Amino acid sequence: MAPLESHPILAEALPRYGKGESWEQLLRDFPGIRRYLTPYGLSEHTANSVVVQLDDQGLRDLRQQVGRRIEILYHGRDRDLAMECLHDALSDDYRQERIEKFQRQQAREAERSERVFNKEKEFFRTFIEGFLDVIDRFESGESVGSLKNDLPNIGSYIKSDGFSKRATGLLKYLTPEESERIQRAFRKRHAAPAVPAPPGGSASSLPKLSGALLALQSDPQSILDISGRFSDRTRSIEAGVCDEYVTPYTLGRIVNKRTGELTPTGERVIANADARTRAAIRANFKLRFQNAPAPRTQAPAAPLHRPDSPPSTSLFSGFSEELRRKGFVHEPATPQYPPEAPAMAHPLGGADAERAHAPPTDSFFSDLTEDRRRMGHLPEPATPQYPAQSPSSTFAGLSSLDGGAFAGPDGDPGSPPEVTQPWRGDDPLFPEPSAGQRTARTGSPERIDVDALPPLAQPEAPQVRELQLSAGAWLSDEHMNAYMEALAHRLEGRPRAELLNFANPLHVGLLYRKDMGDRHRGLRYITARNDAPLVFLPIHNPHPPAHWSLLVIDRRAGAAFHYDSLVHPHAAAAAVDTAQYRRASIAAWEMGIHTPVRGVPIARQRDGNSCGDHVLQAIDVLAHRVIDGTFTQDDMDLSGIEPNRRLLADSLAHAAALPAEHSASAAPPADGRPAKKSRVGTFWQDLSPALRPGGPAAPPSTR
């Protein structure tokens, strides 16, 4: 017989239960109390199992406290019925009947366990004997895959460098001689010279598949769909082929984006598909580069041509018409050809008609020089240039580059230059000037001063995230994620920091949804970018009363640990029927942990709003243990931590000031790729000081 203290929740809650305390308050303070008690008496589990195990003192305490509650809360017929049920449950005859039934049940369980044990032993002994038959081939370096023909399930328990994680049950059935023989085979295999790898590389030389690659390997239809999109040359790889699961980086690990050939990693990804599917995937990837159109050579740009203007062989004739149409060059007083279409007059005078119909030269830039003269950028030559200038010169007609547009207003290269009015077009940074502004320009009508340009609109500064936290406030998803991002930022570059993975609570919430697609998406979000073995997953229950708990997964050992600050530290291991534990178990299963989640002690909260504080403090303590090299599964007790809301608020304020790439409040991109940095904010920083708005003294624009 066992004392009442063997059931910690029942022993601690029973005195307050006997005083008539409200059932709702007991549920909040003692998660799991429903397993032992009801609002009016004993639960079925207590009546059938606990009573059978309790000693006489435990039975007396149980009868006394439950009886006191019934006397306090119930009256009349209800009280009599409740007392009768309590008496029947604790009577000697009923207890003896339950003891006998319990003993019969234990005997059946022992018999069933023995059958399971014998069956398991037979299975593992058969495997061990089969492995010893092929151990010489394994020792000589033969691949595990080729040994599957003789021992099909060898890959489940034996790896090239030792036993797998699933071999725990196998080890207890090995004799000392067999264990020594297998360990010797591992050592000789490791010391044996490497077998030359095939052209594509051996499986052991390639990195292990994980994250999105592992998910694609288990779903050949997904990689077939991706290859189908890749075969369409009209789709861009970034926007038309990749999605929120497969980023361009992941696709580059699967296929060569320039040839369509699968990489060795890509061959491993499609290895689980049948032969026809593999052939279709390879053909789709190569189809993008078969019979591709030849690259277009650069053709001479056609000039902008107005219907009422004569044909021109000048490259910038249409551009001159556009300048005249927008008002940057004044119309001449005399008409040109055709009569109703005015031509551009030379600002310095001259025989415009003769130059307008000058015969073409063999120089490519002759017409460009003629247009520059019409616009006033080059002075008129003293003597005719055609046909006196040599037609064999490629740069005939350009005249000299030390004058004209590159000289000052008096033709002196040393004098301060003026900038010719540019073609504004539809650029929003340079709005169309009014007539008054054009008239008020300094110098000639075709020239403006740089200082007369309108000021450039400065980009707005990014808004700072609000992460204020008052004394009695609840912690939201943003608070939790911001703190973890700040912690990861502080630990970056420290020893063993690569072992840590802080999961976004929004992604964790997908793991225990009913829709399996949401669960798979949550797994990909958590593992795609960070395949670290130690994963911290905040578990949130949004239903009243809302609550935070912490799930810690050690993927190296295949173990999961659950911290719940509403559970008494002494009862942490037994709190397996709470909503938080169920959610944590589902999340652990989706993360690949198929062993029971262990409840571990954590300091108990004394209010209704500090559950998130306990979770963040636990993450901080465990993460620093990993960094310090003191993290072990034998020392997971956190019952001594003391969360500090003031220090937490300071940390969140620091997180709000982090750069954008460390911001936790920004939602992750849908396709899983990092956002591109805008170049607008650094545009004026890249210019020389003389060209910035306001001259050299103008400060650079910041974001």
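Novice: Teacher, can you tell me more about the side chain of Asp 564 here?
Specialist: Structurally, the position occupied by Asp 564 is in the loop between strand E10 (559-563) and helix H24 (579-590). Lacking a salt bridge, the buried Asp 564 has Arg 604 as its closest oppositely charged neighbour, with an N-O distance of 8.7 Å. Within polar-contact distance, the side chain of Asp 564 engages the backbone nitrogen of Leu 566 at 3.1 Å. When near neighbours in sequence (up to four residues on either side) are disregarded, Asp 564 contacts His 547, Ser 549, Thr 578, Gln 580 and Ile 602.

Novice: How do you make sense of the sheet that holds strand E9 (residues 547-554) when you look at a structure like this?
Specialist: Within a beta sheet, neighbouring strands are joined by backbone hydrogen bonds and run either parallel or antiparallel to one another. Sheet architecture is open: five strands sit in the order E7-E8-E9-E10-E11, paired in mixed fashion. Both outer strands of the open sheet, strand E7 (500-502) and strand E11 (598-599), are each paired with one neighbouring strand and no more. One ladder, built from eight bridges, connects strand E8 (residues 534-541) with E9; its direction is antiparallel. By the bridge assignment for E9, Pro 538 is matched with Leu 550.

Novice: I'm lost on the packing of aromatic side chains in this one. Help?
Specialist: Scanning the model with the defined rule gives 13 aromatic pairs in all. Ring geometry for Phe 117 and Tyr 173: centres 5.9 Å apart, planes at 45°, overall tilted. Placement of Phe 117 in helix H6 (residues 92-133) and of Tyr 173 in the loop between helix H9 (168-171) and helix H10 (176-191) is noted, with a sequence separation of 56 residues between them. On the accessibility criterion, Phe 117 (40% relative accessible area) is partly exposed. Accessibility expressed as a relative area gives 8% for Tyr 173, which makes it buried. Here the aromatic residues Phe 117, Phe 123, Phe 124, Phe 127, Tyr 157 and Tyr 173 are joined through ring pairs into a cluster of three or more. Against the face of Phe 30 rests Arg 604, its NZ or CZ located 5.5 Å from the ring centre.

Novice: Would you mind going over unusual backbone geometry with me for this structure?
Specialist: A negative phi angle characterises most non-glycine residues, just as the trans form characterises most peptide bonds. Not every positive phi belongs to a glycine, and Arg 496 is a case in point at roughly 65°. Residue class for Arg 496 comes out partly exposed when judged on its relative accessible area of 35%.

Each value, and the rule that gives it
Residues numbered from 1 in each chain as written. Predicted model: local features only at pLDDT ≥ 70, side-chain atom pairs only at ≥ 80, totals over all residues. Heavy atoms only, no water. Helix = DSSP H or I, 4+ residues; strand = E, 2+ residues; numbered from the N terminus. Buried < 20%, exposed > 50% of the residue type's maximum accessible area, 1.4 Å probe, protein only. Lys, Arg positive; Asp, Glu negative; His and termini not counted. Salt bridge = Lys/Arg side-chain N within 4 Å of Asp/Glu carboxyl O. Polar contact = N/O pair within 3.5 Å; in protein donor to acceptor, adjacent residues only side chain to side chain. Contact = heavy atoms within 4.5 Å. Pairing = 2+ DSSP bridges. Phe/Tyr/Trp six-rings, centres within 6.5 Å; stacked < 30°, edge-to-face > 60°. Lys NZ or Arg CZ within 6 Å of the ring centre and 35° of its normal.

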